[in-house]
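Given next are the chains, with one letter for each unit.
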Amino acid sequence: MSQIGPHARRFLMLGAFLVGVIAGSVWSNVSPTAAQDGRRSLGELQDREARCRAVEELGRSGDERQVTPLLEALRGDRDFLVRSAAAEALGNLKSELALDGLIAALNDSSPDVRAAAALALARLGRPQAATALRLRLRDAEPTVRSAAAQALGKLGDAASLPALVGSLSDAEPEVRIGAAEALGALGRREAVEPLLRALGDANLYVRSRATMALGIIGDARAVDKVIELLRDPERTVRASAAEALGRLRDRRAVLPLVDALRDREAVVRQNAAFALGKIGDDTAADALTDALRDEDARVRARAVDALGALAVPRTLDAVTDALRDGDPLVRTLAVQALGGFKDDRATEALIQTLTADDPLLRRRAVESLGKIGDARALPAIQSALADANPTVRAAAVAVLPRIGGARALPVLLAVLQSNDNALRSAAAFALARLGSEEAFTGVVETIGRMTFDELSAHRTTFAGFFNAVDAAATRLETLLRAPEALRRRGALLALVVVVNAPNAAEWLQAALEDADPDVRRAAVLGLARTDPARFIREATRRLPTEADPSVRANWLALTPALQDVPPETATVLRRLAREDGSPDVRQAAVAALDRLRLPRMMLPTAPATPPLVAVLPPPRIPDAALPTASPAPPPPPLVADRETPGARPVLERLAEARPASEQLRPARVLPRWTSGEGLLTVAAAPPTLTGRMPAADSLPSPAAAPPPTPAPDATAVNATDEPPFEVRPTTPSMPPAETAVAALVRRLPLRHAAAQNVPTWLSLRSLRPDGAIGTDERIKRNEALVVERLAQLVAAQTAFQLVSGGNFATPAQLKAYSHLPDDLWAMADYRLMLYVTEATPASPADFFVLATPTIPGLTGGRVFYVDASGVIRSTEAGQSSLSRFREWPPVSAPMENPAQPAAGSATDRRRPSTIRRQTPTPSTAASPRLAKGVRAANAPAALQPVP
């Protein structure tokens, strides 16, 4: 530094100072990250967009615990956009815990936050917020006044009707629009006249909303005024008028709507076709048939849907021709429309459609066949049980009772034992819909063939069946006295596991006296799972008199590990271990004694003089007699509770067999040794011996005994470590006297060659941590797991749809209803996002799941997508958008048919399946017009009930 000039030194010092200032400013602007669970709080996310996204995710979680952080963001965030997003998220959670916070947010300084809070209170649906919302009708900002009006309408607050009527005269069109929507939502006839005056408003959107409100109210006084609006210069008003006339359903509007089918705007023609279908007048059939040739696909779709509602026979050919339309929505609605025709041609066309490539088309065809109810379609519906798509299979199960009636019972009972949750749920509700005594007893017999654990795993399915059947508990109690043992067992398990009746213990105790051993075994298992104390008492009382050895073995195998065991229970267990005629029962009794920590034998009182065995030198056994390979496991231990006769002669011979020079030699044995068949292991005190037990008359004399072979260094056993007392028989043919005597002999020294230390070379691959895999293998495993989880979600959504009447479940509802894995939504390598849409007059309910990799290229290479069709699709990560989902190729993965039990399963072993595959006979009356647009491949193999 001394060699640098003064000017250069000043320059370097100035540069170092500037670098320090810049580094200090950057450091001060970096906010510290909280180390709470490795995540940042909302306040620490400095980016506004990031905070908004975090708030939206909390609102979509469906978790009520997220109300607290959202309220904190609503009250304290500095950005009005984040506060608005927090209010919207609280409305999506629909938790009453957010009520006070949202009412307070109506006084926020930002009009956007006040408007968002008003709409959130509408979604919350709590009438307590009406008073505060009525005050916001006089807010200075029109956005807030409009939002408050809409919220009051959705809350159904009739007291706000005068104020809302006054808002129809507000200076701002936005407020008048909100007031018209609110009056329509209230549905009060007092609002008809003010809304009729609003039809002349200068703003087209006010006229449109007032027209829709009149259609919702449904008062006939509005028909003439709304018909006049079909000639309004604005297409939005004309379209709203056509839709409102469909809601009013007045035949005076048929001819004006037929004229509207020729309107220059497609949206007007579309709504006119929709309205004609709602009115249901046959005079519009020809005009709707002409509309099937409209250039706009939405008009054609509404026209074919309206023709299905009319179901005029002369239009059937036109509807069938719509199956060849180039638009998938038109084809789908054509399939639905055919369900309204009670005609053989419609049935044949729908059966042909079951071979189409589109799974949604096949599903709608199954549902339409169910509406027709033609019994000739039963083989085709049974063939749909083998469809590759889970929604098609579930729909086939649901419509079986409508088509087959009692003939569908064997198939439904077989599906009830499927491995598919959606199929089981659908079969349970279909059997309940049958409502016959045969269906009820069939379900009970199916339960009777199941084990306790199988029934516990499928409890939700059978609970849905019994909940849908009247007086299920009473009917099950009646079947407890049925002459068939299978029905008695099934009724018992259903009452204990599924119904969970309060007096289940009494039924189990009564079933212990049943004449059938299977019923008694079920009662034993149920008592062990539900009431262990009663189980021990009943075991002590019934085990000595139980005639069936397998039932006795079940009693003993299920004996719980209790702290305090009654003395009489121990006595019974020892007697069974010693005297029972079944070896399985004796072995189970010994295991029960060990589980209860009871001694296996009752030793006699110690004599006044030391026992002979204390001074006996054990014999020396040649090394050749030692085992050289790992033999089979030993037989069960022998238990004795009294002194065995003939012990003294054998002990005396053993004492003579060992030289005195070896009595003080230290014993060296390996720490582990496995004894096998024909080998004896006795444990009284070290040193130890594992060798063959010689017979009493063949013990060697001291002179004949060869000298012992010295053993290399091995681990010495501490003479103070007493191993537990254990007696094992040498062979099943050994006399009991010699076996009992062997239990009193000290273990003899056993010598083994010491293990040599051989160096082991380690490669770099062997140093990889356990479970570590490469990137390609990780991606492949993660993508396979995602496909599996998406299939589980589709099955769970299909089952929920059958239960809820057509709706799909949110993530919170899925967690409460289905048996999905706990870590389904917490996958570290992929993110799953579920979106659910409700049914509207224009479209049915739907859902879709988007699975994206957490780190593209490292945790996954593809994005996956599935919706209500059940088809899982994928594309490369980052190369597609939501608008192109239909273009994604489907994931090609073989799918098993879960309609039949797996081969080798418990159900398959108990009885033959009631379903068999059969090649269907192709229809000869099929329309040749279906050749285009429908796959020409043969239908899947049909499933026929065995007569």
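Above this text you will find the structure in question.
Since this is a predicted model, take the numbers as computed values, not measurements.

### Some points on the overall build of the protein chain
Working step 1: Helix and strand counts for the protein chain stand at 42 helices and eight strands.
Working step 2: Within the span of the protein chain, comprising 947 residues, buried residues form 47% of the whole.
Working step 3: Counting contacts in the protein chain only where the partners sit at least 6 residues apart, residues at least 24 apart contribute 65% of the total.
Working step 4: Summed over its atoms, the accessible surface of the protein chain is roughly 48200 Å², and 53% of this surface lies on carbon and sulfur atoms.

### Description of the sheet that holds strand β4 (residues 846-853)
Working step 1: Taking strand neighbours across the sheet as the criterion, the four strands line up as β3-β4-β5-β6 in an open arrangement whose pairing is antiparallel. The outermost strands of the open sheet, each flanked by one partner alone, are β3 (830-837) and β6 (873-876). Mean inter-strand twist for the sheet, computed between neighbouring axes without regard to direction, equals 15°.
Working step 2: The pairing of β4 with strand β5 (residues 862-867) spans four bridges and is antiparallel. Among the inter-strand pairings, V849 is bridged to a residue of β5, identified as V866.

### Remarks on the pattern of salt bridges
Working step 1: In the structure shown here, the tally under the stated rule is 55 salt bridges.
Working step 2: In this structure, the salt-bridge partner of R65 is D63, at a minimum N-O distance of 2.7 Å.
Working step 3: Since its relative accessible area comes to 67%, R65 is described here as exposed.
Working step 4: A salt bridge links R781 to D829, with the nearest nitrogen and oxygen atoms 4.0 Å apart. Note that R781 is positioned in helix α40 (residues 775-804) and D829 in the loop between α41 (811-817) and β3, a separation of 48 residues in sequence.
Working step 5: Judged by relative accessible area, D829 falls into the buried class, the value being 13%.
Working step 6: Among the ionic contacts, a cluster of salt bridges with common partners joins R189, E193, D219 and R221.

### Considering helix α14 (residues 235-248)
Working step 1: Here α14 is 14 residues long and its end C-alpha atoms lie 20 Å apart, about the 20 Å a rise of 1.5 Å per residue gives.
Working step 2: Here α14 lies mainly inside the structure; 10 of its 14 residues are buried.
Working step 3: Buried residues of α14: V237, R238, A239, S240, A241, A242, A244, L245, G246 and L248, and no others.
Working step 4: Where α14 is buried, its residues touch α12 (204-217), α13 (223-228), α15 (254-260) and α16 (266-279).
Working step 5: Following α14 by one or two positions, R249 adopts a phi angle in the positive range, close to 60°.

### Considering the nonpolar core
Among soluble globular proteins, nonpolar side chains are generally buried collectively.
Working step 1: Membership of the largest hydrophobic core comes to 204 residues, with the highest contact counts inside it found for L195, L257, L288 and F466.
Working step 2: The biggest single contributor to this core is helix α6 (residues 111-124), with nine residues.
Working step 3: Not counting residues up to four positions away in its chain, the partners in contact with L257 are L230, A242, L245, A272, A275, L276 and I279.
Working step 4: One finds V794, A809, F864 and A868 within the second-largest nonpolar core, a separate group that totals 22 residues.

### Observations concerning the environment of E538
Working step 1: Here E538 lies in helix α34 (residues 532-542).
Working step 2: A relative accessible area of 6% means that E538 is categorised as buried.
Working step 3: Once you skip the residues sitting within four places of it in the chain, E538 turns out to touch Q509, L512, L527, L543 and W555.
Working step 4: In terms of polar contacts, E538 uses its side chain to reach the side chain of R542, at 2.7 Å.

### A few points about the pairing of β4
Working step 1: Burial of β4 is extensive: six of the eight residues sit out of reach of the surface.
Working step 2: Bridge count between β3 and β4: eight bridges; the pairing is antiparallel. Residue T837 lies in a different strand from β4, and its bridge partner there is D846.

### Thoughts on the environment of A511
Working step 1: In this structure, A511 sits in helix α32 (residues 504-511).
Working step 2: Separated by 19 residues in the primary sequence, A511 and L492 place their C-alpha atoms 8.1 Å from one another.
Working step 3: Not counting residues within four places of it along the chain, the set of residues in contact with A511 comprises L492, V519, R520 and A523.

### Observations regarding the packing of α16 against helix α18 (residues 297-310)
Working step 1: Where α16 contacts α18, the axes come no closer than 8 Å and their chain directions differ by 10°. Our classification of the angle between α16 and α18 gives roughly parallel. Counting all contacts with α16, which are made through A266, R269, Q270, A273, F274, L276 and G277, the residues of α18 involved are R298, V299, R302, A303, A306, A309 and L310.

### Here we look at the environment of Q813
Working step 1: Relative to the elements of secondary structure, Q813 occurs in helix α41.
Working step 2: Sequence separation of Q813 and G62 is 751 residues, and the distance between their C-alpha atoms is 8.8 Å.
Working step 3: The contact partners of Q813, leaving out residues within four places of it in the chain, are F800 and F808.

### Description of the packing of aromatic side chains
Working step 1: Evaluation of the coordinates by the stated rule reveals six aromatic pairs.
Working step 2: For the pair F465 and F466, a centre-to-centre distance of 5.2 Å together with 70° between the ring planes defines the contact as edge-to-face.
Working step 3: Judged by relative accessible area, which is 2%, F465 ranks as buried.
Working step 4: One aromatic cluster is present, built from ring pairs that chain together F440, F465 and F466.

### A short note on the packing of α6 against helix α8 (residues 142-155)
Working step 1: Their axes nearest at 8 Å, the elements α6 and α8 cross at an angle of 5°. Considering their axes alone, α6 and α8 lie roughly parallel with respect to each other. Of the residues in α8, those in contact with P111, R114, A115, A118, L119, L121 and A122 of α6 are T143, V144, A147, A148, Q150, A151, K154 and L155.
Working step 2: Per-class residue counts for the contact of α6 with α8 are 11 nonpolar, two polar and two charged.

Calculation notes
- Residues numbered from 1 in each chain as written.
- Predicted model: local features only at pLDDT ≥ 70, side-chain atom pairs only at ≥ 80, totals over all residues.
- Heavy atoms only, no water.
- Helix = DSSP H or I, 4+ residues; strand = E, 2+ residues; numbered from the N terminus.
- Buried < 20%, exposed > 50% of the residue type's maximum accessible area, 1.4 Å probe, protein only.
- Contact = heavy atoms within 4.5 Å.
- Areas by Shrake-Rupley, 256 points an atom, 1.4 Å probe, with all protein chains shown as cover.
- Pairing = 2+ DSSP bridges.
- Axes fitted to C-alpha atoms, helices over the stretch in contact; angles between N-to-C directions.
- Salt bridge = Lys/Arg side-chain N within 4 Å of Asp/Glu carboxyl O.
- Expected span 1.5 Å × (residues − 1).
- Core = buried A, V, L, I, M, F, W, Y, C linked by side-chain atoms within 4.5 Å.
- Polar contact = N/O pair within 3.5 Å; in protein donor to acceptor, adjacent residues only side chain to side chain.
- Parallel < 35°, antiparallel > 145°, perpendicular 65-115°, else oblique.
- Phe/Tyr/Trp six-rings, centres within 6.5 Å; stacked < 30°, edge-to-face > 60°.
- Nonpolar A, V, L, I, M, F, W, Y, C, P; charged D, E, K, R; others polar.

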